[in-house]
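Observations on the three-dimensional arrangement
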Amino acid sequence: MSRTYLGEFEELVLLAVALLQDQPTGAYGVTIADELKQRTQRSTSVTGVHVVLYRLEEKGLVGSELGGATLARGGRRKRLFTLTAAGQQVLREMRQLRLGFWEALPTPFFS
Amino acid sequence: MNKSFSDPTPQPRHPPRWADRLLCWLTPTDLLEELQGDLHEQFAQQVDQVGPWRARWWYGLEALKVIRPYYLRRRVASLANWQKEYLPKRLATTRPYFTPEHLSPSLHNPAMIRNYFKIAWRNLWKNKLFSVVNILSLSLSMAVGVILFTGLKATFDTDHFHPKLNQLVRILTQETNEGVQTKWASAPLPLATQLNSVSFVEKTVKVRLAGKHNLQTDKGDVPIDIKFSEPSFFDVFGFNLLSGSAQSLANNPTSLLLTQKTAEKIFGSTNVLGHTVQFENLGYYTVGGIIQDPPLETHLPIEAMLSIRSAELLEKKGAISSISQDWGGFKSSAIYARLKSDGNLEQLNATLQNYTRKLDKSHLQFLAQPIEDITPGKIDLKSNPHAGASWEDVKTQLFIILSLTLLAAFNYISLALARAFSRAQEVGVRKIIGATRGQVIGQFLMESTLVALCALFFTVPCVTILAHYIPDMDDVTFTWDIAFVVGLITYALITGLVAGAFPAWLLSAFQPIQVLRKMKTIKLFRGVAVYKALIVVQFSVTILFMILVVIVADYDRKNNAIISSTVPSNVLTLDLKGENYQNLQNEISGLSQVETTLATNWYYEPIKLGKDSVTLNDKTLEVNYVSIDPRAIETEGIRLLAGQNFPSTMPLSTEQYVLVNEAAAKVLASKSETLVGQNLLLDSASVQVIGILPNEIIGQQLPLIYRYLPNEITTLTIKIKPHTEMEATKAIQSVWKDHFPEKTANLYNLKEYRYSGEISGEMEIFGGSALIIMIIAALGILGIASYSVETRTKELGIRKVMGASNVKLVWIITKNFGILMLIAGLIGVPAGLFCGDLLRKEMGSYLDLGLINISIAFALVAIVGLLTVLSQTIRAGQIEPVKVLKAD
């Protein structure tokens, strides 16, 4: 398989990073977990999200830097994640793949 | 959670500290900052959304979620990296025999752990004898540990079955009398009415402790503990009624509630609603309900409960002391209260300050004590009989667990050290291949934990067997919940690590060059000889306990001999139950089967004691006294040491003379003979000492004063003609019935009733401990002896070739152990003497610490030890030189 393999949760996290990276809060553990919780109604734990983020970073799909300490965090810095070019590429490929499938399906399936 | 704004307790805004520590410990260092920051941020959100308590709960769970393979691997990797940087500096002298191509995998690598486990298992399998010895001794000591732990758990669970536990309080009374403060677990009943008007007190319960009362059945009296209370008792406390209703206490003053256990004891069934019973002095009561036995221990055990209204009626009749309205009579009543919320405790204590009472001589202050604080108890309280273990007891139990586990761990240590030679090569080879010291330690620790875990399998059957023999432990039940299993495994792991730590540390320090060059010539190090010291320690402790066992057994034997030779078997005792006995005694004396009767509280030893303050020449002491029939001394032929018996004509109204025993004379006067004729101040009356009696030969030796107080006599002893017991019993009982038809006669044969052979509690405890310790020590020495034969086979073979006889060979090996045994004796005997002396101070001077007892104890241990050794060393005699030497 030439393409990077992504699990479902990994894909969702990657999408959340893409969504949040340009917003003022930035994409880091808490915001990503909140976003996922809101959209999927699943309980997501920060520690789990972090594991996925680190894996994505190892695969080169996201990059990160430290910054943005606040009082609520007890002065600890956040790791802010951004999508890399490879990440964008993977997301695009995913979408293409899925769209391809949907287009191949017969129309009655939708209703 | 409903928090009112007036709540004074500050809301915790911080995550729980333990969770933070866990996080620091488990999370990879480079990831800690961001992860913890995120969690803190989310915690702050959670506090706003769901309140501080649930947020803390959530945070704890979240911190635990860090335990997942991804983080752990990275954490371990970072630790290993740190180690790699750190270790080479220290190990530069031993490591580089050759430089390994690959760095050895880290200590905690799963493959490595699997490997440790495999090798450990093979090692255990290879040395089956050692493994069995270790496993057996560990499981034995762990079984005792588990039993004690279960007891501790019961202690901490005491009273945890009440609903809204943290809102329940007991009122304590602090009495200040002439500057002396005493704290009582009881409180005056009138206080309850005042408490009821306090706004944040939801409910109060009055409990009056009436003590044991005789319930009259056709089989004789059954003493039953009675408490008076009100229906709210069953609302406030977690006691449930199986049948009947609590309200019957309020409606009907003759209603009686029994617990399941009591009902079983009296009627043999719990289906007894409506039955009527009679209590001596209290009257008739009808069973109005059955109380379910509580699921856990409680500080308020119930046998029978009557209504507090019936207590008031009984007070009017004069059957029980009148305390319902009396602030001073607080010593046998308790007040409990349920507060509206658990934050009201401080408030209540402040309110109670207002109720401080001044009495004639003293004044009373009141305090509230949460029910949870009763067991294990921290403060010294009076009239607190069922509070169970105090913190001191908890500490003692922990200490026993620790020392027993250590003694068994000694076995492991000494066996491991004794085998150091055979493991040395293995360590050498491992190190040369590139193992770090940490890895070698890991290997040994894995072995010891494996042994401990195996021991756990045998612990459970051991526990069931042991629990039968330990007093008060019969009702210990094991609930196989997760907490219990986790506790067991943790205990085994800790035991394993403790046992393995020292051998692992020593063995891992071997230098490969030394151990591999020439095994025979090296002196490994002195540390290996530690195992000898451990054997000595084990056996000295065994000897210590054995000495205690022997002297207590000796005491029991002598005591029984004295009893059987002095106490005649044809004496009956009759409980007088506070009745006027003159006519009864005359009539019984007139019976044809009866020889003599004595109205006395003393018959070779006190039957019932009182206490008096005695003043002689400005010296005031508290001394026990006993009421005696003067004729008891004559008829039993007891010789006075000095002075004379009471004169035959004595005025009944005023007391003139007393007798004292030798012990009391010694306490009172420096030269005991001079005491005769002197005047003592007994409480406030002056009496003359008329004679000195020898000390009691049965029971404890107390200083005693013998007084003639006919009103305080509680027992009639009746000497009957031989072989007439049946008829005499019948005749006496019918005489009793004529005089006191409403009470049952408590008539017993003195010897059977008081002295039928029971084993003393000390005997059971010492005997049990001695047995367990001896088994553990014997197992240990068994392993060592077997090993020492094994390692010396070649030497023994050569000796045999040179012409040594079989006996000589066995002697050579056994001799060393004999010496160890002697050294153990040198330590154990003085220790036993010391402890025996302490025991003697507690039990009176009958304990014989003489040479014979000590030698018996020492010889017993030495023989068991040496026989164990011999069972192994006997093989030395069967060595065939050809077989053991042909390989060389």
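Residues numbered from 1 in each chain as written. Chains lettered and ligands numbered in written order. Predicted model: local features only at pLDDT ≥ 70, side-chain atom pairs only at ≥ 80, totals over all residues. Heavy atoms only, no water.

The name given to chain A in an unreviewed UniProt entry is PadR family transcriptional regulator, with Fibrisoma montanum as the source organism.

This part takes up the overall build of chain A. Scanning chain A from terminus to terminus reveals 4 helices and 2 strands. Its helices and strands in sequence order give chain A the pattern α-α-α-β-β-α, from N to C terminus. On the principal axes, the C-alpha backbone points of chain A span a range of 55 × 30 × 25 Å. For chain A, with 111 residues in total, the buried portion stands at 41%. With an accessible surface of roughly 6,500 Å², chain A has 55% of that area assigned to carbon and sulfur atoms. Measuring between centres, the 14 positive side-chain charges of chain A sit 5 Å from its 11 negative side-chain charges. (Helix = DSSP H or I, 4+ residues; strand = E, 2+ residues; numbered from the N terminus. Buried < 20%, exposed > 50% of the residue type's maximum accessible area, 1.4 Å probe, protein only. Areas by Shrake-Rupley, 256 points an atom, 1.4 Å probe, with all protein chains shown as cover. Lys, Arg positive; Asp, Glu negative; His and termini not counted. Charge placed at Lys NZ, Arg CZ, Asp CG, Glu CD.)

So, about the nonpolar core. If you look at the biggest cluster of nonpolar residues, it comprises 92 residues, and the most contacted ones within it are Ile535(B), Phe539(B), Ile772(B), Ile781(B), Ile784(B) and Phe817(B). Both domains that furnish three or more residues to this core are identified here as domain 1 (78-156 + 392-524) and domain 3 (531-559 + 759-885) of chain B. Excluding residues that lie within four positions of it along the chain, Ile781(B) makes contacts with Ile535(B), Phe539(B), Phe817(B), Met821(B), Gly865(B), Thr868(B) and Val869(B). By size, the runner-up hydrophobic cluster in this structure holds 39 residues, among which are Val13(A), Ala16(A), Val46(A) and Tyr71(B). (Core = buried A, V, L, I, M, F, W, Y, C linked by side-chain atoms within 4.5 Å. Domains from an automatic or database assignment. Contact = heavy atoms within 4.5 Å.)

Let us now look at the packing of helix 6 (residues 128-157) of chain B against helix 13 (residues 391-418) of chain B. The contact between helix 6 of chain B and helix 13 of chain B brings their axes to 9 Å, and the two run at 170°. If you check the angle between helix 6 of chain B and helix 13 of chain B, you find them roughly antiparallel. (Axes fitted to C-alpha atoms, helices over the stretch in contact; angles between N-to-C directions. Parallel < 35°, antiparallel > 145°, perpendicular 65-115°, else oblique.)

This model, assessed by the stated rule, comprises 17 aromatic pairs over all chains. Ring centres of Tyr54(A) and Tyr70(B) lie 6.2 Å apart, and the angle between their planes is 15°; on these two criteria the pair is classed as stacked. Taken together, the residues Tyr54(A) in helix 3 (residues 46-58) and Tyr70(B) in helix 4 (residues 69-91) connect one chain to another. Consider the rings of Phe237(B) and Tyr336(B), whose centres lie 5.0 Å apart with planes at 80°: the pair is edge-to-face. Within this pair, whereas Phe237(B) is found in the loop between helix 8 (233-236) and strand 5 (241-244), its partner Tyr336(B) is found in strand 10 (residues 333-339), the two being separated by 99 residues in sequence. Like Tyr336(B), Phe237(B) is buried. An aromatic cluster of at least three residues, connected via ring pairs, comprises Phe161(B), Phe233(B), Phe234(B), Phe237(B), Phe239(B) and Tyr336(B). The ring of Trp125(B) has Lys128(B) lying over it, and the distance from NZ or CZ to the ring centre is 5.2 Å. (Phe/Tyr/Trp six-rings, centres within 6.5 Å; stacked < 30°, edge-to-face > 60°. Lys NZ or Arg CZ within 6 Å of the ring centre and 35° of its normal.)

Let's shift gears to the interface of chain B and chain A. Across the boundary between the two partners, chain B contributes 21 residues, which contact 21 residues of chain A. Across the chain B/chain A interface, buried area totals approximately 1,900 Å², and carbon plus sulfur atoms make up 49% of it. Where chain B meets chain A, there are 4 salt bridges. Measuring nitrogen to oxygen at the nearest pair gives 2.7 Å for the salt bridge that ties Asp38(B) to Arg73(A). Along the contact surface separating chain B from chain A lie 13 residue pairs in polar contact (both at pLDDT 80 or more). Looking at the side of chain B that touches chain A, the elements with two or more residues in it are helix 2 (29-50) and helix 4 of chain B. Top contributing element to the side of chain B that touches chain A by residue count: helix 2 of chain B, with 14 residues. (Buried area = accessible area lost by both parts, 1.4 Å probe. Salt bridge = Lys/Arg side-chain N within 4 Å of Asp/Glu carboxyl O. Polar contact = N/O pair within 3.5 Å; in protein donor to acceptor, adjacent residues only side chain to side chain.)

So, on to the domain arrangement of chain B. All names here are of chain B. Per the domain assignment, the segments of chain B are domain 1 (78-156 + 392-524), domain 2 (165-387), domain 3 (531-559 + 759-885) and domain 4 (571-755). In this complex, domain 1 contributes 24 residues to the contact, which on the side of domain 3 involves 17 residues. Looking only at domain 1, the three residues that lose the most surface to domain 3 are Leu140, Leu407 and Phe410, adding up to 26% of its buried area. At the surface where domain 1 touches domain 3, the tally comes to 0 salt bridges. Joining domain 1 to domain 3, the criterion identifies 2 residue pairs in polar contact (both at pLDDT 80 or more). With 10 residues, the top contributor of residues to the side of domain 1 that touches domain 3 is helix 13. Counted by class, the side of domain 1 that touches domain 3 contains 18 nonpolar, 5 polar and 1 charged residues. (Nonpolar A, V, L, I, M, F, W, Y, C, P; charged D, E, K, R; others polar.)

Here the focus is unusual backbone geometry. Residue and element names in this part refer to chain B. Positive phi, close to 70°, is recorded for Asp159, a residue that is not glycine. Mapping Asp159 onto the fold places it in the loop between helix 6 and strand 1 (168-177). Judged by relative accessible area, which is 1%, Asp159 ranks as buried. The phi dihedral of Lys164 is positive, around 50°, even though this residue is not glycine. Tracing the backbone through its elements, the reader meets Lys164 in the loop between helix 6 and strand 1.

Turning our eyes to something else, we now look at the UniProt feature "domain: Transcription regulator PadR N-terminal" (unreviewed entry) in chain A. The positions that UniProt labels "domain: Transcription regulator PadR N-terminal" (unreviewed entry) are, in the present scheme, residues 19-93 of chain A. Between the first and last C-alpha atoms of residues 19-93 of chain A the distance is 17 Å; the span itself is 48% helix and 16% strand. (UniProt positions renumbered as here; feature names shortened; annotations may be inferred.)

Before going further, it helps to spend a moment on the side chain of Asn749(B). Residues and elements named next belong to chain B. One can find Asn749 in strand 23 (residues 747-749). Residue Asn749 is classed as buried on the basis of its relative accessible area, which comes to 7%. At 3.0 Å, the side chain of Asn749 and the backbone oxygen of Ser569 are in polar contact. Side-chain polar atoms of Asn749 contact the side chain of Glu725, separated by 3.2 Å. Setting aside chain neighbours within four positions, we find Asn749 in contact with Ser569, Val571, Leu572 and Glu725.

Residues and elements named next belong to chain B. One open sheet accounts for 4 strands, arranged 14-22-13-23; its pairing is antiparallel. One side of each edge strand has no neighbouring strand; the edge strands of this open sheet are strand 14 (594-599) and strand 23. When the angles between neighbouring strand axes are averaged without regard to direction, this sheet yields 25°. Where helix 19 (residues 582-589) meets the sheet, it contacts strand 13 (571-575), strand 14 and strand 22 (715-720), and its direction lies at approximately 160° from that of strand 14. Docked against the sheet, helix 22 (residues 725-739) engages strand 13, strand 22 and strand 23, running at close to 20° with respect to strand 13. (Pairing = 2+ DSSP bridges.)

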